[in-house]
Amino acid sequence: MIEAAPNEPLLVLAMDTSTDMLACAVARWMPSADGLSADIEVLASGDHLCRRQTNVELTSTALDCLARSGHSMADLDAVLVGRGPGSFTGVRIGIATAKGVACGLGLPLHGTSTLDAAAWNAWLHGQRGLLGVAGDAMRGEVYPGIYVLDDEGPMRTFSTETVIKAQACVDEWAARADRDDLVITGDGLKKYRAKFEEAGFSNFVDEAAWHPCSEGLLRAAASPDRYDPYENGDPALVLPIYTRLSDAEENERQRLGLAQPESATTTGVYEGLSGIHTQLRPMSVNDIAQVASLEADAFAGGVHEAWSEKLFYDELSSHGRTWWVAHDQGEVIGFAGGMLAGDCLEVMDIAVKDDRRHEGIGSRLLARLAYDGQMLGASEITLEVHEGNTAARGLYESAGFEQVGLRKNYYGKGNDALVMTARLPLALDTDKTGERPEPRASVRPWPIVPKARTQEVTQSISDAGPLVLAIESSCDETAMAIIKGDGEVISNVVATQIDFHARFGGVVPEIASRKHTEAIVGVFEETLAKAGAFFGTGTLTPSDLSAIGVTAGPGLVGALVVGVAFAKGLCAATGLPLVPVHHLEGHLMANLFETPDLKPPFVASLVSGGNTMLVYVRDWGDYEVMGQTIDDAVGEAFDKVAKALGLGYPGGPVISRLAAQGNPKAIAFPRAMLHSHDYRFSLSGLKTAVITYIEGENRAGRPINVPDLAASFQAAVVDVQVAKAATAVDETGVQDFCVGGGVAANPALREAYQKRFGKMGVRVTVPPMVVCGDNGAMIALVALRNLRAGVTAPLTLDAAPNAKLGEWSSSEAPVVSGAWPAR
């Protein structure tokens, strides 16, 4: 419920993009005397069918509704958004845009069910009685919901949204005793109406009312039975309703019974591997023996009765369960499990090996359970903990758990259990080993009240302008930075998702998009707070900024969409200019943080998980791609080889560490396209050669020297990269060579470039380690240059996953102060 004083009207902007209907309206919200419901007066509506164009049209539609209602963004009191279920990308566009608007205006953001909004649309069209809503979930599935509609509105007969096969929905509804009273609606009828008709159903709502509508969204939010005591308007906590895991996670669950891993195995055990890369993955039947043994050791002589192997097996075979293990080179060192009960995930068991405690493993396991529960529709998580287990209680309290009850003698006579619960998502920070922290929903309580500023601070902020906020979300890291007008980066925040992708050996686009949506508000808040600290005050506010820069491409389209939609929401709310940035130009310009006087012409090698190319920079904005990979990128090859060796993800750092201990000449791997007489690269053949070598050694029963293999593979990659770069420099006659991208952090590659070009008298620049990977600082540098050059974009800007280098560019030279690292 949107909070408001009784009988005091609010102006609310509502939007939903979960279906093909773009629903958007401005309404007057009049709370009832008891504050538990509200009357709605729609002042202007912009509902229209908008298939696959919502990110282009949403912000302009919202501004148009405001203009037609006679209002502006500054008049708003609250923002409302549909949370789905629906198209995953569509839901995220609406939520990311709404978060941007709410953050830009400092307003509360509330979410409500799109399924409820569809039921209200039927009600608005005069429908009463028993209603079945079948929302389109694609993949032959629907989001089902049964409602009872009276003159007051729809009432749910279910607690949480679910997803089932369309035929299963038809069969379930056909088996109801009251089936003849059921009237059906929902955009799922576009595909599956014939199935319902074949089952004997003939009562359908008029097709004009199948979709949710903006007034329905508003009325659903104002409904008395929708009261949620946890909702406080914090934009960080408004998240999509997904009802299922990503395809990659679902497929993984189906493989849990496999007896053998899919990747090649090593028969030799290298003692230096232990502890090098702790990984998390869902528990399989192959883990049960180790898990039961760890359970017995962890709870030996304690008040908790250890589970048997049979109990663990039964759990894995049961519906609505999520079980995870932490492992180190095949050894299970921790595990955790939970059970979905309605809209609550109940933690059933969690344990970590004695000699691996205090490494943050328990926090990481708990985070995985919470994530699964959230994706499956849970809104809270609960557990029992022994009253005397202070360490566990500390972990849970730090994650936001609160005691809500006490179970006497739960663990035996005199051993009581505290019942603790927390709202999802958890505010966990698992940064225990030097890794960048995982995304967190919010970094401080909400609402945020800026501190009063002295005149001196106010003047200092004014003198620093233009201040540009930059947003980066092209892959698996949510990053933002703020840059001053002189090119000094004063705030730089990166939230990574490594643990969520590690078990797949690479980035899963759907998971990346989900985590961006979860993290983006927290990263925004922290970025503003750090910039405020630079000026010696509390957090900055959007009114202190001069522009919003955002990575518009290239990258993963679903990931890019979140950043672009959030940026457009901010700009729509504040009136700030929107500045598009090319991701690869950011990597190019990151070299200025190391060599501020760098000027074209020069040759640059861009090497990362998604790109491998040589670029001739004739001038700023004038880029010639001399050649690029025809298959795998360098970073991708490192990840795939690491996966084959069972070393985990990301592969670059672990292979680099192992290679430092090995002999690069031990194995003669091919140097693909070394003599192709052009600047193309190919890494697929080298990757295949490594896997073939591993399989051959396994068949022969010979142990594999992993450091030697890592060193030989790395040398094969480096040799080709350096040789082609040297030829390019010689051909163009430049005196500067630069490297950009995540693989630029590889020590062997850095050293090889320095050695080769040192002999040629060519200056080599490699960015500081902190800006080699994806980050907001490099995007901020380009955004500042683009702003000065007048390179801006309309609010119809959409993500461009295949954008060519040079798009949204300028010949104007970038400005950098050389002050690094950022504060």
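In what follows, the accompanying structure is described. The model shown is predicted, which means the values in this text are computed figures rather than measured ones.

A full pass over the atoms with the stated rule returns 20 aromatic pairs. Plain terms: the ring middles of Y147 and F158 are 5.4 Å apart, the flat faces sit at 90° to each other, and that makes the pair edge-to-face. Of the two residues, Y147 sits in strand β8 (residues 141-150) while F158 sits in the loop between β9 (153-156) and β10 (164-165), which places them eleven residues apart along the sequence. Y147 gets classed as buried once you look at its relative accessible area, which sits at 1%. For the pair F524 and F566, a centre-to-centre distance of 5.6 Å together with 75° between the ring planes defines the contact as edge-to-face. In this pair, F524 is assigned in helix α14 (residues 509-534) and F566 in helix α15 (residues 557-574), connecting sequence segments 42 residues apart. Exposure remark for F524: the relative accessible area of 4% places this residue in the buried category. Every member of this aromatic cluster is reached through a ring pair, and the members are W307, F312, W323 and F335. Sitting above the plane of the F204 ring, R193 keeps its charged end 4.3 Å from the centroid. Stacked on the ring of F88, the Lys or Arg R514 has its end atom at 4.8 Å from the ring centre.

If you look at the biggest cluster of nonpolar residues, it comprises 74 residues, and the most contacted ones within it are L13, L467, I482, I548 and F566. Sort the elements by how many residues they give to this core and α15 lands first, with eleven residues. Residues in contact with I482, not counting those within four places in the same chain, are L467, V468, L469, E488, V489, I490, S491, T527, L528, A531, L540 and L545. Within the second largest apolar cluster, 52 residues are counted, among which are A644, I655, A711 and Y753.

Tracing the chain through its elements places T478 in strand β20 (residues 477-483). Side chain to side chain, T478 and H516 meet in a polar contact 2.7 Å long. With residues near it in sequence (within four places) discarded, T478 still touches E472, V493, V494, A495, Q497, K515, H516, A519, I520 and V523.

Attention now goes to the sheet that holds strand β27 (residues 736-740). The strand order β26-β25-β24-β27-β28 describes an open sheet built from five strands, whose pairing is mixed. Edge positions in the sheet fall to β26 (622-628) and β28 (763-765), since each of these pairs with one other strand and no more. For this sheet, the mean angle separating the axes of adjacent strands, direction not counted, is 20°. Relative to β28, β27 runs parallel, the two being bridged by three bridges. Pairing of F737 across the sheet is with V764, part of β28.

Rules behind the numbers
- Residues numbered from 1 in each chain as written.
- Predicted model: local features only at pLDDT ≥ 70, side-chain atom pairs only at ≥ 80, totals over all residues.
- Heavy atoms only, no water.
- Phe/Tyr/Trp six-rings, centres within 6.5 Å; stacked < 30°, edge-to-face > 60°.
- Helix = DSSP H or I, 4+ residues; strand = E, 2+ residues; numbered from the N terminus.
- Buried < 20%, exposed > 50% of the residue type's maximum accessible area, 1.4 Å probe, protein only.
- Lys NZ or Arg CZ within 6 Å of the ring centre and 35° of its normal.
- Core = buried A, V, L, I, M, F, W, Y, C linked by side-chain atoms within 4.5 Å.
- Contact = heavy atoms within 4.5 Å.
- Polar contact = N/O pair within 3.5 Å; in protein donor to acceptor, adjacent residues only side chain to side chain.
- Pairing = 2+ DSSP bridges.
- Axes fitted to C-alpha atoms, helices over the stretch in contact; angles between N-to-C directions.

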